[in-house]
Amino acid sequence: MSTSSHASASPVAPAPAHAPAPAAGAVGGGVPRPAARSAARFPDGPAADPAGSREEHRIRSFHARRGRITQAQAAAIDRHWDTWGVELDGSPLDLAALFGSADSPAELPVVLEIGFGMGDATAQMAAADPGTGILAVDVHTPGQGNLLALADRARLSNVRVANGDAIVLLRDMLPPASLAGLRVYFPDPWPKAKHHKRRLIQPSFLALVTPLLRPGAVVHCATDWEPYAEQMLEVLGAAPGLANAYPADGFAPRPDFRPMTKFERQGLAKGHVVRDLLFTRV
């Protein structure tokens, strides 16, 4: 999906790690032996396609991305995936148990973030509001590892990192009125006209999301692509069950609680206008 801050598509297995180079002087005349490639780095970590959704014949709003993962990101996945990671495999998800435990569920309001990029803004928002759980969805393995590392470093207990197709989560895994909000920051704008059907914010997407929002839940979108901002305003404004928090202007002033993201800085550097949209579930 934006889903990453221009988020990607189906989950991707991380690039294989490199084994440490052997000590000098090993092979014929002191020529170092080439580094060997290890097996898959995360056999129990983020799966390549947890729900098998690649077999479904539908348009996707994201495309698969591979990226080099750092040692710190890989270590965070190894250390925390079993505790803080979620595979979007289509199984029903108990949010109270996810943010607590089966024996001691946590009654945190939970906000869904689709497409968190490298997770910096997500971690900042989680630290600023420890009373809200954030279920952050993306398919970019380095970003997943980075967010887990940030959560560990800041001792955040209110972040869970979900891997897979957000449509599977919305369609198959969450009960009605289970979310306190939705955040979609800087999703892929798919600027070519022939690709507009791939944009995430569409009537069909909102038809899945809206029943999952409890009354008063806030849908918060942001983009630096003006044509996409206009489409978002039109689609959100026509969605049953959602009301614009700023009906006079349409777009919202930039809220202080949303940290500036890398994509926002890049857009501003190019002279783009950043638009925020805030809608409330009624």
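Because the structure is predicted, anything quoted here is derived from the model rather than measured. (Residues numbered from 1 in each chain as written. Predicted model: local features only at pLDDT ≥ 70, side-chain atom pairs only at ≥ 80, totals over all residues. Heavy atoms only, no water.)

Trainee: Lay out the side chain of D224 in plain terms, naming residues and giving numbers.
Mentor: Following the sequence through the fold, D224 ends up in the loop between strand 6 (213-223) and helix 7 (226-238). No salt bridge is formed by the buried D224. Its closest oppositely charged neighbour is K270, at 6.4 Å. Each residue touching D224, except ones within four places of it in the same chain, is listed here: F186, F263, G267, H272, V273 and V274. (Helix = DSSP H or I, 4+ residues; strand = E, 2+ residues; numbered from the N terminus. Buried < 20%, exposed > 50% of the residue type's maximum accessible area, 1.4 Å probe, protein only. Lys, Arg positive; Asp, Glu negative; His and termini not counted. Salt bridge = Lys/Arg side-chain N within 4 Å of Asp/Glu carboxyl O. Contact = heavy atoms within 4.5 Å.)

Trainee: I'd love a proper account of the packing of helix 1 (residues 71-84) against helix 4 (residues 141-153), names of residues and values included.
Mentor: The contact between helix 1 and helix 4 brings their axes to 8 Å, and the two run at 75 degrees. With respect to their mutual orientation, helix 1 and helix 4 come out roughly perpendicular. Where helix 1 approaches helix 4, its residues Q73, A76, I77, R79, H80, W81 and W84 are matched on the opposing element by T141, P142, G145, N146, L148, A149, A151 and D152. (Axes fitted to C-alpha atoms, helices over the stretch in contact; angles between N-to-C directions. Parallel < 35°, antiparallel > 145°, perpendicular 65-115°, else oblique.)

Trainee: Can you lay out the packing of aromatic side chains for me, pointing to particular residues and giving the numbers?
Mentor: Evaluated as defined, the whole model comprises 0 aromatic pairs. The side chain of R198 reaches across the aromatic face of W190, ending 5.7 Å from its centre. It is R258 that lies over the ring of Y185; its NZ or CZ is 5.7 Å from the centre. (Phe/Tyr/Trp six-rings, centres within 6.5 Å; stacked < 30°, edge-to-face > 60°. Lys NZ or Arg CZ within 6 Å of the ring centre and 35° of its normal.)

Trainee: So what's going on with the pattern of salt bridges? Which residues, and what values?
Mentor: Enumeration over the complete set of coordinates arrives at 6 salt bridges. Between D152 and R79 there is a salt bridge whose closest N-O contact spans 3.5 Å. Here D152 is found in helix 4, whereas its partner R79 is found in helix 1, with 73 residues between them in sequence. Counted as one network, the salt bridges with shared partners bring together R254, R258, E264 and D276.

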